[in-house]
Amino acid sequence: MPVSYLRPALLASALHTMIVPALAQQAPLPAPDATADSAGDSAAPADAERAIVVIGTRKQAADIQFQSSHPISVLSEEDLRHTAVHNVAEALGLLPGVNVVNTGSSFIGGVDGASRGEGMYVAIRGLNSEYNVNLINGVNVAQGQPYSRGVQLTLLPPTGLNTIVLNKASRADMDGDAIGGTVDFRTPSAFDYSDRLHGSVTASCRLETRARTYGDSGLGGGLAAEISSRFGPGHTMGIYVSGYYDKRTYTNSEIRGAQSAHDDGSWGYLNASDSKGTSYPGLDPQRNAALTGFDAGVSSGKTRRFGGNASLDWRPDDTTRVYLRGTYAKALTEQDSTLAQFNGGTKAWILSPGTDRYVLTVPSVSVRNYFETNPETAILATAAFGGEKQLGDWKIAPEVFYSEGHNNRPNHIEASARINQSDKYTSGSKIPLGGQSVGYSDNYPVALYNQAIFNAFDNSASVLPARRAGQLTEQFSGQRKWGGRLDISRDFTDGGLLQSIAFGAKLQSSKRNVTSRDWTTDYVANYVGHAVTWGQLGLTNGTYAHTYPGLYDWSLPRFNKTALFNLFNKYQFANEADGSSYNSFDTCGSLYVNNFNCGTLSGRETVAAAYATATLKAGNLEIIPGLRFEHTTIYNTYWVMAYSGGVEQPGAFASNRTTYNELLPSLFANWRPSSTLVARGDVWFSYTRPPFFQLGGSSTARTGDDGKTTIVQGNPNLKPIRAINVDSSVEWNFAPSGHVMLGGYYKRLTNYLYDSGTTLLNTATNDGTNQTFITRPLNGGSGNVYGLEFQVQKTFVELPGALRGFGIGANLTRQWTKVDIGNGVMRNIQNAPDVMGQARVFYALGGFSIDAIYNYTGAYLESYNYLGQPTGWDDRWVRPVKRVDLHAGYDFGNGLKADVSVANLFNNYTYWAHIGRHSLAISDIVNSGTTALASIKYSF
């Protein structure tokens, strides 16, 4: 049956996706009742990484990691319960080599994304989220991001996903497009519990302290439930169903210094060599740079998440498994940002008397208010139907699957007001200042204002003239993915060198769509016939007492976004007060057909893969050679606009095609001289396909007065990023109750592409003909990633009495990265800290448990050449983040457990990005305070 025929049936099932990974050397299937009890402390079976069982305790997680034939890290249900993280991205930060990133390249990025105060993506072993494969129970999840192959993980709560397994290497029977790692989020089935009837109910409440600082509630909470049952003749049928709902409300502080410098030019060199502001020779330009203005205010909103998992299993005998599974997750986020803008775009450099230096001064500033919404609707659903059958020494495991993901910003709207608004009825002016406009206190920017500026800020709703009647943007992005796989393996029981063989094939097809459209109204005064303020328009509901408590004392309006939507709808298609018309539809041009289509991109990708692998064993040495081949075909359709003689012409859709063929050999070796020691050495090839947007982004052609045409377009000839990966590690289970791991890794990258958000990357303009110039993205060069990982856990069970409940745990990653981003320019890789680590002290005895965790993430480079400076000093870096988390819990017996967790106990900043590695003068900062989470769970 063609795979495409299976899609409607899988959609209708709406059930959970738990793939049987069908790895080559699986042991015979256990009897239905011989499964591990997820709540117990017994060691999980040696093949649990493939059998996908719930890992309940840290001890079980360490056992699974130790028994694995390739390097993995495991988060247990206990780990997930003992933390106040917002989502699974933050939970992954507990594992070595994982950096949690607070922002990315969705429809929102930079400080806008970070101001939500939660982790969005993960970078693994120095590689961005685009370099990872994300699975739910083994099924590839759809990538709903508009400009990236990364998966935004904010919509998945840590509840309901009871185990997370990070595969740090890719064997031949795994997808080959994972240079960083493969993350498998696992949910249970009825056969993962020893009891034939199992269920639980969990209730939680949440408090975010930064919201309380602003006088908002900051309250949230949730409810989750699950039930499973084994039934039928011999209890060979099993059903599992779970569901959850939670709500988070937040009000966070944000400072936009770097973004203001980028968008409004609010920066300059303190000491210049001329009146044009050229940096003085001999001075480090990044230490010579300073802000002349910035934005500060609040990001407030709420996120509601709901979803569930379901599975239906049939295990009629020891040799047969059949399953039907599905997951669904949806997150609805409202984000409103209200900002006071201290705009120092006007700059001058005045010669300092008696010197040859010109000193930065700001003659006048513009006082402004700005409001925007960044709503998001995120959906992720998966479904799978498959099974396993043991036929003597042979095993066959077929599966069909479906996944769907969406990341939409359905109604982003923004508005502003400014003291120097200029329209048909208003002629405002900036407020005189003179001298420097920004100072610093503990590295935070401080406005050097006068009383007139303070009064304008403090009374902004009634003083500042409103600018436009609103700008609305509608953006939608999604992907649907479906396919099937067949895995066949054979075990050899004659005791010879060859232990097993396996081979299989997988066919996966996906389709994605991105749409963006924009409407910008005219100045509101032009509609109403006179100047008008936010207050007069009814766009405000009181004030925040302080823009940034403890730093900026002036008040800030509380904005009424419902009133703004009403205002926008009123004037979206209206004529101005003098009768002249204004076309607000302005996605990319003046013609309707271009505005409607120019932000549309669709793509179809088909990946056909086949693999073969074997397991060889000689004494204590196990060797697993493998070979995988993947053939990829990508079709992109996009809109092409053209200009002729400076006049916009109706565009048309065009398409291109890209093909990749990748041969991926691998070799894994494990040496186990005893039951407590294992040494691994692995080498494998992997790759990552370029983002759809870079392959087939919309094409715009402009013809100048000189007759020369410039074309900006995607590049279907981009090469995939390829990697040779090497990994080695030693793990030791030392008695009693101790585990230690020391490992190293190396990755050699070629054809590097970096995350550039919504723009083309590594761009080059080539002379296509004497009259045509083509600008398109190009691959960069080669690079290297080196790293060392250390992990230890020890419970002091040998101590007397109550002391035997004490334990310690830690992990530390040290890595080095360097890559050619294009034209021989060498830089660190994005989102790759040099140092990451956690240290944990815990106590568990007699039902009581307590944990204290110290988290450290070192500085890392976030984006390249942020201000476009020719010397390249202006990379955007993120400061180190230090955080202390606490947890306390008690098991009352009879299935009742209570937990209380606190994240970021000492209220450290959540995100601090700055321009230049060695300067904090131009920064974006987010403070989201402390989060407390209390939950109570009843299991039966």
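Quantities reported herein were computed from a predicted structural model and do not represent experimental measurements.

**Describing a nonpolar patch on the surface**
A contiguous nonpolar surface patch, about 670 Å² in accessible area, is contributed by Leu197, Ile227, Phe231, Ile239, Val241, Leu312, Tyr938 and Phe940. Listing elements by their share of the nonpolar patch, those giving two or more residues are strand 9 (219-231) and strand 10 (237-256). When you line up the elements, isoleucine 227 lands in strand 9.

**Some words on the nonpolar core**
Phe294 and Ile922 are the most contacted members of the largest nonpolar core, which has 61 residues in total. Looking at which element gives the most residues to this core, the answer is helix 13 (residues 561-571), with five residues. The contact partners of isoleucine 922, leaving out residues within four places of it in the chain, are Gly257, Ala258, Ala261, Trp267, Ala289, Ala290, Leu291, Leu867, Ala913, His914 and Ile915. Grouped together as the second largest cluster of nonpolar side chains are 28 residues, Val151, Leu156, Leu166 and Val183 included.

**Re helix 3 (residues 58-67)**
By the criterion of burial, helix 3 is predominantly enclosed, with eight of the ten residues buried. Here helix 3 has its buried residues at Arg58, Gln60, Ala61, Ala62, Asp63, Ile64, Gln65 and Phe66.

**Quick word on the side chain of histidine 887**
For histidine 887, the position within the fold is in strand 45 (residues 881-893). Histidine 887 gets classed as buried once you look at its relative accessible area, which sits at 2%. A distance of 2.7 Å separates the side chain of histidine 887 from the side chain of aspartate 899, its partner in a polar contact.

**Some points on the environment of glycine 326**
Assignment of secondary structure puts glycine 326 in strand 15 (residues 320-343). On a C-alpha basis, the gap between glycine 326 and serine 311 in space is 6.5 Å, while along the polypeptide they are 15 residues apart.

**Quick word on the side chain of glutamine 335**
Summarising the element assignment, glutamine 335 is placed in strand 15. For glutamine 335, a relative accessible area of 1% translates into the label buried. Separated by 2.9 Å, the side chains of glutamine 335 and arginine 116 make a polar contact. Once residues within four sequence positions are removed from consideration, glutamine 335 is found in contact with Ile108, Asp112, Ser115, Arg116, Tyr250, Ser299, Ser300, Glu372, Thr373, Asn374 and Pro375.

**Some thoughts on unusual backbone geometry**
For the bond running from alanine 735 to proline 736, omega is -15°, close enough to zero to count as cis. Tracing the sequence through the fold places proline 736 in the loop between strand 34 (721-734) and strand 35 (738-750). The phi dihedral of asparagine 904 falls on the positive side, at around 60°, and the residue is not glycine. Along the chain, asparagine 904 falls in the loop between strand 46 (896-903) and strand 47 (911-915).

Reading the values: rules and limits
Residues numbered from 1 in each chain as written. Predicted model: local features only at pLDDT ≥ 70, side-chain atom pairs only at ≥ 80, totals over all residues. Heavy atoms only, no water. Patch = residues over 30% accessible without salt bridge, like charges linked within 9 Å, V, L, I, M, F, W, Y side chains within 5 Å. Areas by Shrake-Rupley, 256 points an atom, 1.4 Å probe, with all protein chains shown as cover. Salt bridge = Lys/Arg side-chain N within 4 Å of Asp/Glu carboxyl O. Helix = DSSP H or I, 4+ residues; strand = E, 2+ residues; numbered from the N terminus. Core = buried A, V, L, I, M, F, W, Y, C linked by side-chain atoms within 4.5 Å. Buried < 20%, exposed > 50% of the residue type's maximum accessible area, 1.4 Å probe, protein only. Contact = heavy atoms within 4.5 Å. Polar contact = N/O pair within 3.5 Å; in protein donor to acceptor, adjacent residues only side chain to side chain.

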